[in-house]
Amino acid sequence: QVQLVESGGGLVQAGESLTLSCTASGSIFTINGMGWYRQASVNERELVARIALGQTKYADSVAGRFTISRDNAKNTVYLQMNNLEPGDTAVYYCWVQGRERPYGSPGYNPHNDYWGQGTQVTVAS
């Protein structure tokens, strides 16, 4: 019903840049928030950046280097990653929270969390 398509991962040298993109499509009607999380090896998945409730939040480790943006008309979220470091190496997951029917519709109409399949970012030193 809802598809999240990610792209932009790859292998880069330290100090280089990558841009990730994620587009939501299918039966999603309203998007409340979009963002990016990452998971390195056996570590827990952690927030990288998100836009939700009109607020933007970044992990301290990426603040000043990464920039998140949204194109609401295209249901797309981007993550511009500059000055990449080896510590940024992880699988990056797109996150979308939204509803499949308009807000206020009768019946069961929750907001759900959707996740992309993950895209690998590897930063070599």
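Basis of the calculations
- Residues numbered from 1 in each chain as written.
- Predicted model: local features only at pLDDT ≥ 70, side-chain atom pairs only at ≥ 80, totals over all residues.
- Heavy atoms only, no water.
- Phe/Tyr/Trp six-rings, centres within 6.5 Å; stacked < 30°, edge-to-face > 60°.
- Helix = DSSP H or I, 4+ residues; strand = E, 2+ residues; numbered from the N terminus.
- Buried < 20%, exposed > 50% of the residue type's maximum accessible area, 1.4 Å probe, protein only.
- Lys NZ or Arg CZ within 6 Å of the ring centre and 35° of its normal.
- Core = buried A, V, L, I, M, F, W, Y, C linked by side-chain atoms within 4.5 Å.
- Contact = heavy atoms within 4.5 Å.

Asker: Help me out: how do you make sense of the packing of aromatic side chains in this one?
Answerer: Each aromatic ring pair is characterised by the separation of its centres together with the angle its planes make. All told, the structure shown has two aromatic pairs when counted by the stated rule. Judged by centre distance (6.1 Å) and plane angle (70°), the rings of Tyr37 and Trp95 are edge-to-face. Pair noted here: Tyr37 is in strand 4 (residues 30-39) and Trp95 is in strand 9 (residues 90-99), with a separation of 58 residues, a long-range link. Pairing Tyr37 with Trp115 gives two aromatic rings, centres 5.1 Å apart and planes at 70°, and the pair type is edge-to-face. Of this pair, Tyr37 sits in strand 4 while Trp115 sits in strand 10 (residues 112-115); the two residues are 78 residues apart in sequence, bridging distant segments of the chain. For Trp115, a relative accessible area of 37% translates into the label partly exposed. Taken together, the ring pairs connect Tyr37, Trp95 and Trp115 into an aromatic cluster. For Arg45, the ring lying beneath its charged end belongs to Trp115, and the centroid distance is 4.7 Å.

Asker: Looking at this model, I keep getting lost on the nonpolar core. Mind explaining?
Answerer: With 29 residues, the main nonpolar core has Trp36, Leu79, Met81 and Tyr92 as its most contacted residues. Of all the secondary-structure elements, those providing two or more residues to this core are strand 1 (2-7), strand 3 (18-26), strand 4, strand 5 (46-52), strand 7 (66-71), strand 8 (76-81), strand 9 and strand 11 (119-124). For Tyr92, the residues in contact, after removing those within four places along its chain, are Glu6, Leu20, Trp36, Tyr37, Arg38, Val48, Phe66, Leu79, Met81, Gly118, Thr119 and Val121.

None of this, on its own, says anything about what the molecule does.
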